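Observations on the three-dimensional arrangement
Below, each chain spelled out in residue letters.
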Amino acid sequence: MSELNQFPRELEHEAIFIMREVAAQFERPALLFSGGKDSITLVHLARKAFYPARVPFPMLHIDTGHNFPETIEFRDQLAQETGLQLIVRHVQDSIDAGKATEETGKYASRNVLQTVTLLDAIEELKLDACIGGARRDEEKARAKERVFSVRDDFGQWDAKKQRPELFDMLNGRISVGENVRVFPISNWTELDVWNYIREEKLAIPSIYFSHKRPVIERDGMYWPHSAFLNTTDDETPFTGTVRFRTVGDMTCTAAVLSDASDIDTIISEIREATISERGARIDDKRSEAAMEKRKKEGYF
């Protein structure tokens, strides 16, 4: 194994330290679980952090209703195998209650609507910390986050009010109504995650590997053909050999053409890629500051 393909273990040690700090400093934390490789890595790190005891917080999944079936199947199987409590809240319930409005048009997606459901879940479950899998290399707004990122009593984030984090000192003190988003793998890269998955032999959803599926070509990218995607008359589905680098729901996540059917080949492919992992997420392309705007409103 080349040096570039080795996982730096100090990143694991840092993440485990952060997980333990969450358990020590907060009363009602939860791990935000999407079914993607980053949140799967978080579950594994949490189990390592507290072994042989059980993980002292649940997994929380905000389900858009437009998820990949493979992801939902994997989520349920992982919860059963690990014994972690799984809490699911549905975007459809927010729509039915009139708290969120279904988007229309060619690029309609429920991804943004997750914010409403998440903030309601935080209030309902009285969560004071939510552990997420965001990494600083994904998107420039996420590079502004601290490991302990404070949200106000409206769930909003202000980049100008981030606390300094010096000498591994994590300040979890919050006022009534505030909560904290925690990012244990903030200092990891996409390549670090894949090297860790390989070294730890972690199971991941099949859609990360090359497979054949119906897709349409839109804006130079390949979108999974499904009933959730609003297609135009000239967008004819065809069967492509693809895989997914990142996993959102089916309306905002494009695939890449790929024959990578094992992790070693995926790692080689990532090292040669000319676009970022988030380059296949349409929700990040809505405007130059799309992610930052969503984070200010309470997004992951």
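Residues numbered from 1 in each chain as written. Predicted model: local features only at pLDDT ≥ 70, side-chain atom pairs only at ≥ 80, totals over all residues. Heavy atoms only, no water.

**Thoughts on the sheet that holds strand β9 (residues 238-243)**
The sheet built from four strands is open, its strands ordered β8-β7-β9-β10 with antiparallel pairing. Where the open sheet ends on each side, the last strands, each with one partner, are β8 (221-224) and β10 (256-257). In this sheet, β9 lies alongside strand β7 (residues 211-218) in antiparallel orientation, the contact comprising five bridges. When the sheet's bridge partners are listed, P214 is paired in β9 with T239. (Pairing = 2+ DSSP bridges. Helix = DSSP H or I, 4+ residues; strand = E, 2+ residues; numbered from the N terminus.)

**Points about the environment of Q162**
Of note, Q162 is situated in the loop between β5 (148-151) and β6 (179-182). Judged by relative accessible area, which is 11%, Q162 ranks as buried. Note: C-alpha distance between Q162 and R151 (11 residues apart in sequence) is 9.7 Å. In contact with Q162, other than residues within four places in its own chain, are K144, E145, R146, S149, V150 and W157. (Buried < 20%, exposed > 50% of the residue type's maximum accessible area, 1.4 Å probe, protein only. Contact = heavy atoms within 4.5 Å.)

**So, the sheet that holds strand β4 (residues 129-131)**
Spatial strand order, β3-β2-β1-β4-β6-β5: six strands in an open sheet with mixed pairing. One side of each edge strand has no neighbouring strand; the edge strands of this open sheet are β3 (86-90) and β5. Adjacent strand axes in the sheet meet at a mean angle of 30 degrees when their direction is disregarded. Two strands pair when backbone bridges link them, and β4 and β6 are joined in this way by three bridges, in the parallel orientation. Within the sheet, the bridge partner assigned to C130 lies in β6 and is R181. Running at roughly 140 degrees to strand β1 (residues 29-32), helix α2 (residues 37-50) makes contact with β1, β2 (59-63) and β4 of the sheet. (Axes fitted to C-alpha atoms, helices over the stretch in contact; angles between N-to-C directions.)

**Some words on the pairing of β3**
Sheet topology places β2 next to β3; five bridges connect them, and they run parallel. Bridging from a neighbouring strand, L60 pairs with I87 of β3. On the question of chirality, the crossover connecting β2 to the parallel β3 by way of helix α3 (residues 69-82) is right-handed. (Right-handed = clockwise from strand over helix to strand, strands pointing away.)

**Structural notes on the pairing of β7**
Two strands pair when backbone bridges link them, and β7 and β8 are joined in this way by four bridges, in the antiparallel orientation. The residue bridging E217 from the neighbouring strand is Y222, located in β8. Linkage of β7 to β8, two consecutive antiparallel strands, is achieved through a turn of two residues, within which D219 is found at a positive phi near 55 degrees.

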